[in-house]
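In case you want the letters, here they are:
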Amino acid sequence: VEGLVGLVGGEDAESARHAGRTLANLSRGVGNQKRLLAHPAALPALIDMLVSADPEVQRYGGGVFANLACDAANPAAISDHPHCLQRLTRLLRSQDAETARYAALALANLACDPAKQAQIGAEEQVFVDLAALLSSGEDAAARHAARALANLAWNPVNRSKIATLPVVQEAIAGVLDSGEGEARRYAVGAVANLLYRNIELQAWILNRPASFRVLGKLLASDDAETRRYAARAVANVSRNAAGREALNSSEEILRNVGQLVVQADAEARRHAQRALAALAPPSSEAARDGAQMGGGGGGGGWRAEAGLLQVLDGG
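Structure report, in brief. If you're wondering where the values come from, they're calculated on a predicted model, not measured in any experiment. (Residues numbered from 1 in each chain as written. Predicted model: local features only at pLDDT ≥ 70, side-chain atom pairs only at ≥ 80, totals over all residues. Heavy atoms only, no water.)

### Structural notes on the overall build of the protein chain
Then comes step 1: Within the protein chain, the secondary structure is distributed over 20 helices and 2 strands.
Then comes step 2: By the burial criterion, 55% of the 315 residues in the protein chain qualify as buried.
Then comes step 3: Accessible surface, the protein chain: about 13,000 Å² in total, of which carbon and sulfur atoms supply 50%. (Helix = DSSP H or I, 4+ residues; strand = E, 2+ residues; numbered from the N terminus. Buried < 20%, exposed > 50% of the residue type's maximum accessible area, 1.4 Å probe, protein only. Areas by Shrake-Rupley, 256 points an atom, 1.4 Å probe, with all protein chains shown as cover.)

### Examining unusual backbone geometry
Then comes step 1: Its identity is not glycine, yet histidine 83 carries a phi of approximately 80°, on the positive side.
Then comes step 2: One can find histidine 83 in the loop between α6 (75–79) and α7 (84–91).
Then comes step 3: Backbone geometry at arginine 197 places phi at a positive 50°, although glycine is not the residue there.
Then comes step 4: For arginine 197, the location among the structural elements is in the loop between α14 (181–194) and α15 (199–206).

### Comments concerning the state of the cysteines
Then comes step 1: Going through the model one piece at a time under the given rule, you end up with 0 disulfides.
Then comes step 2: For cysteine 70, which is in no disulfide, the shortest distance to another cysteine sulfur is to cysteine 112 and amounts to 9.4 Å.
Then comes step 3: You can call cysteine 70 buried: its relative accessible area is 12%.
Then comes step 4: The exposure class assigned to cysteine 112 is buried, which follows from its relative accessible area of 5%. (Disulfide = S-S within 2.5 Å.)

### Focus: the pattern of salt bridges
Then comes step 1: Counting across every chain of the model gives 19 salt bridges.
Then comes step 2: Two residues, arginine 143 and glutamate 182, come together in a salt bridge whose shortest N-O distance is 3.5 Å. Note that arginine 143 is positioned in helix α11 (residues 139–152) and glutamate 182 in helix α14, a separation of 39 residues in sequence.
Then comes step 3: The class for arginine 143 is buried, based on a relative accessible area of 17%.
Then comes step 4: In this structure, arginine 185 and glutamate 182 form a salt bridge, with 3.8 Å as the shortest nitrogen-oxygen distance. (Salt bridge = Lys/Arg side-chain N within 4 Å of Asp/Glu carboxyl O.)

### Observations concerning α14
Then comes step 1: With 14 residues, α14 ought to run about 20 Å at 1.5 Å a step, and its terminal C-alpha atoms sit 20 Å apart, in line with that.
Then comes step 2: For α14, a buried count of 12 out of 14 residues is recorded, marking the element as mostly surrounded by other parts of the structure.
Then comes step 3: All buried positions along α14 are accounted for by Ala183, Arg184, Arg185, Tyr186, Ala187, Val188, Gly189, Ala190, Val191, Ala192, Asn193 and Leu194. (Expected span 1.5 Å × (residues − 1).)

### Considerations on the nonpolar core
Then comes step 1: Within the largest apolar cluster, 93 residues are counted, with the highest numbers of intra-cluster contacts made by Phe65, Leu130, Leu134, Ile172, Val191 and Ile205.
Then comes step 2: If we skip the residues at most four places from it in the chain, leucine 130 touches Leu92, Ala104, Ala145, Ala148, Leu149 and Leu152. (Core = buried A, V, L, I, M, F, W, Y, C linked by side-chain atoms within 4.5 Å. Contact = heavy atoms within 4.5 Å.)

### Overview of the packing of helix α13 (residues 166–178) against α14
Geometry of a packed helix pair, given as the angle between the helix axes and the separation of the axes.
Then comes step 1: For the pair α13 and α14, interaxial distance at closest approach is 8 Å and the crossing angle is 125°. Considering their axes alone, α13 and α14 lie oblique with respect to each other. In the crossing of α13 with α14, the sense of the turn from one axis to the other is left-handed. On α14, the residues that touch Ile172, Val175, Leu176, Asp177 and Ser178 of α13 are Ala183, Arg184, Ala187, Val188, Ala190, Val191 and Leu194.
Then comes step 2: Tallied by class, residues from the contact of α13 with α14 come to 9 nonpolar, 1 polar and 2 charged. (Axes fitted to C-alpha atoms, helices over the stretch in contact; angles between N-to-C directions. Parallel < 35°, antiparallel > 145°, perpendicular 65-115°, else oblique. Left-handed = near helix turned anticlockwise from the far one by under 90°. Nonpolar A, V, L, I, M, F, W, Y, C, P; charged D, E, K, R; others polar.)

### A closer look at the packing of helix α5 (residues 55–68) against helix α8 (residues 97–110)
Then comes step 1: Two elements in contact, α5 and α8, have axes whose closest approach is 8 Å; the angle formed by their N-to-C orientations is 25°. Compared by their axis directions, α5 and α8 come out roughly parallel. Between α5 and α8 the crossing geometry is left-handed. Contacts between α5 and α8 involve Pro55, Gln58, Arg59, Gly62, Gly63, Phe65 and Ala66 from the former and Glu98, Thr99, Tyr102, Leu105, Ala106 and Asn109 from the latter.
Then comes step 2: When the residues that make up the contact of α5 with α8 are grouped by side-chain class, the tally is 6 nonpolar, 5 polar and 2 charged.

### A few points about the side chain of serine 94
Then comes step 1: With respect to the secondary-structure elements, serine 94 resides in the loop between α7 and α8.
Then comes step 2: Side-chain polar atoms of serine 94 contact the backbone nitrogen of aspartate 96, separated by 3.0 Å.
Then comes step 3: Once you skip the residues sitting within four places of it in the chain, serine 94 turns out to touch Thr99 and Ala100. (Polar contact = N/O pair within 3.5 Å; in protein donor to acceptor, adjacent residues only side chain to side chain.)

### Digging into the layout of surface pockets
Then comes step 1: The computed volume of the second largest pocket comes to approximately 220 Å³.
Then comes step 2: Around the second largest pocket, the lining residues are Leu85, Gln86, Thr89, Arg90, Arg93, Gln119, Ile120, Ala122, Glu123, Gln125, Val126 and Asp129.
Then comes step 3: Examining the composition of the lining of the second largest pocket, we find that 4 residues originate from one element, α7, more than from any other.
Then comes step 4: Residue composition of the lining of the second largest pocket, by class: 4 nonpolar, 4 polar and 4 charged. (1 Å grid on protein atoms, 1.4 Å probe; cavity = no way out; pocket = protein on both sides within 12 Å on 5 of 7 lines; lining within 4 Å. Points joined across faces, edges and corners; volume = space filled by probe spheres on them.)

Structure below.
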């Protein structure tokens, strides 16, 4: 490790690239990650890779942190280091698509930790940059950006910031309306979190009738996770009087919610029941409690591990 760290920060450009690539490959293994983080000189050198004048070294630096952030034991160690989050968020604007994608993946994983969500979202620009990746048309970038936004939206301060950023709302709605695969799944997840106890964002989705109808259709999605997140979104919007009116006026949404109530998926069923309880004649405010999404101990999100997206159990 010491030799590689010395080379990656050295003056010889070719040696720095080879060392950076080796560090990125080594960081794929959990055991290697522990050895890297245990070396006192390693983390500062890895963080310096994020601002290297060599785009290739920058790219490898982004890859290292995308890998390190996969392990739930690492985020505190890496994100508490001075400059780490700031430099990662700047890489979202990299002209190199792969570098920006790695940065989005790293931030999405780091945002699984509720304690880091406000820190990552400290500057509004991060939401704007993630929205640009979400709308980029590049599948992996859109997927990671959607997951990052969904995880960040768990935090109420971040939700309030996104409520003031139409460009971010439009990007999320665009993927909700016409996206595909995992990017769309996590866009639905982002909507579900954004609607949690935020009147402005509930009004936003209600003022987009086409998007609201799509949300209703996704209650019957073939993808189980998408159904769950759509059910959460509907449960959250049902707290709003205008939301209840919109839900009651849509036969398709009511039908799809009713079908979820009799399905075997306990989480989707719970949120569907919550929505129906809110739509019934008022009896208890408890029936109108909101529903957030995420994983791990009641406040996390989704973490990518070993190159694959893995969804943690919902809290």
